[in-house]
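# Residue-level structural notes
Residue-level listing of the chains:
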Amino acid sequence: MIGAGFSGLALANRLLEAGVEVDIYEEHNKVGFPNHCTGLVSAYTQRLIGRPAVSSELGRFDSFVISGPSESVTLRASEPVIKLNRIRLEELMLEEAESKGAKVHMGVRAGVRPTGEVLPDGKRYDVVILAEGQMGSLRKELGIGSSARPLWGVNLELEAEVNGTFVALFDRRLSDGFFTWLVPLKGFAIVGTAARDPRLLGRLVERVQERFGLAGARRLGIYGGPVISSPPPKAVRVGRVVAVGDAAAMTKPLTGGGLYPSAEAAVRAAKMILGGADPADAVEVAVKAVLSEQAKSYRLSRLLHEDPSLVDLLARAAKRSGLDRGSEGRVDYDRHMSVFSLALSSSRSLIAAAYLLRRPADAMRMLGSVLAGYLGL
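We now turn to the structure provided with this report. What you see is a predicted model; the values in this text were computed from it and never measured. (Residues numbered from 1 in each chain as written. Predicted model: local features only at pLDDT ≥ 70, side-chain atom pairs only at ≥ 80, totals over all residues. Heavy atoms only, no water.)

Turning to the overall build of the chain, a few remarks are in order. If you tally the helices and strands in the chain, you get 14 helices and 16 strands. Here the chain has a C-alpha radius of gyration of 21 Å; the compact-globule value for 377 residues is 21 Å, and the two agree. Within the chain, residue pairs in contact and separated by at least 24 positions form 73% of the contacts whose partners lie at least 6 positions apart. Accessible area for the chain stands at about 16300 Å²; split by element, carbon and sulfur atoms hold 52% of it. (Helix = DSSP H or I, 4+ residues; strand = E, 2+ residues; numbered from the N terminus. Rg over C-alpha atoms; globule rule 2.2 N^0.38 Å. Contact = heavy atoms within 4.5 Å. Areas by Shrake-Rupley, 256 points an atom, 1.4 Å probe, with all protein chains shown as cover.)

Written as structure tokens, this is what we have:
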């Protein structure tokens, strides 16, 4: 295992449970840094991760708000959406891996060969899981994993008491090619945004504070980093090496969140290994399966990022048709395509479709994106 970020530790713990001996190589002397993730997951993902995700919980929400520049809709989730302390989460995951027998090499910048040899010691493994994150370079040398340019995100922690649930706001005045968020917690709130050009972030985050009524709030902390919202890479494996996590663009296209995809892949890989599969084959198949699922929502996600007026249109259609009320308690926060499947299967979708057809060009663009995702085009 090269890399002890979330994806590496998630796979390490599940593989250890499947009886696989695991060595972990991490270039930093501590885990959880640099912190750049907001850390929102569904209760389902919390269960996939296990005890560390329970012990690092900071708050939970029964609903969330999706908003365009002028229209919003509130959706009640099928299970709570949970805010995790990302640094504490990874510390606990590392402790769990060590307790299960993992050999951890901190402060070691490892290299790798396609044959499964990890440098500098030359030890050969049945599978080398390359969990080097977005900023690593090993996958580029091997010709696997993500080569897409990331966006750049920033989270700002503010001393404030904010009532309500968390908000995902799509507005090109507040973000560049992505969206803006507000996460209210006990005693403080997190606001964030993202941009293709990191030089825009300072100005954008000031606008975000003002938009959410937090312009005068005291800043408690700031952190950020790359945000991946891209289609699956052409290849995730060469020889005995498999790229995972951010290195393989394993993120939800709409929100950029990477915890659910990696946790899901880890569980699937472990089940296959317990069934007798070769470890390298199991990890590759699990990663590809999750990437395939994520790809279904990529085109529509990019459409909403680039044209937030479509979010307004969808919100109005959902409210006028009653689709928002009909989906109460049935929306899965981490599995985005479930929202579209729910909409298509509801009788209210006919009323919503009639409203959307008042803007036929936009309706056709969105329908084409959904169908392309389902058909794998």
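Looking now at the sheet that holds strand β8 (residues 123–124). The strands making up a sheet associate through hydrogen bonds between their backbones, and the pairing can be parallel or antiparallel. Strand order in the open sheet formed by 3 strands is β6-β7-β8, with antiparallel pairing between adjacent strands. Two strands close off the open sheet at either side, each with one partner strand: β6 (111–112) and β8. (Pairing = 2+ DSSP bridges.)

Considered as a void within the structure, the second largest pocket measures approximately 300 Å³ in volume. V20, E21, V22, D23 and Y125 are, among the 15 residues lining the second largest pocket, the residues nearest its centre. Here the residues of the lining of the second largest pocket sort into 9 nonpolar, 1 polar and 5 charged. (1 Å grid on protein atoms, 1.4 Å probe; cavity = no way out; pocket = protein on both sides within 12 Å on 5 of 7 lines; lining within 4 Å. Points joined across faces, edges and corners; volume = space filled by probe spheres on them. Nonpolar A, V, L, I, M, F, W, Y, C, P; charged D, E, K, R; others polar.)

All right, on to the pattern of salt bridges then. What the rule picks out here adds up to 28 salt bridges. D281 is the partner of R237 in a salt bridge, and the nearest nitrogen-oxygen pair spans 2.7 Å. On the criterion of sequence distance, the pair formed by R237 in strand β15 (residues 237–238) and D281 in helix α8 (residues 279–295) is long-range, its members being 44 residues apart. You can call D281 partly exposed: its relative accessible area is 37%. In this structure, R302 engages E306 in a salt bridge whose closest nitrogen and oxygen atoms are separated by 3.2 Å. Taken together, the positions of R302 and E306, both in helix α9 (residues 298–306) and 4 residues apart, correspond to about one turn of that helix. (Salt bridge = Lys/Arg side-chain N within 4 Å of Asp/Glu carboxyl O. Buried < 20%, exposed > 50% of the residue type's maximum accessible area, 1.4 Å probe, protein only.)

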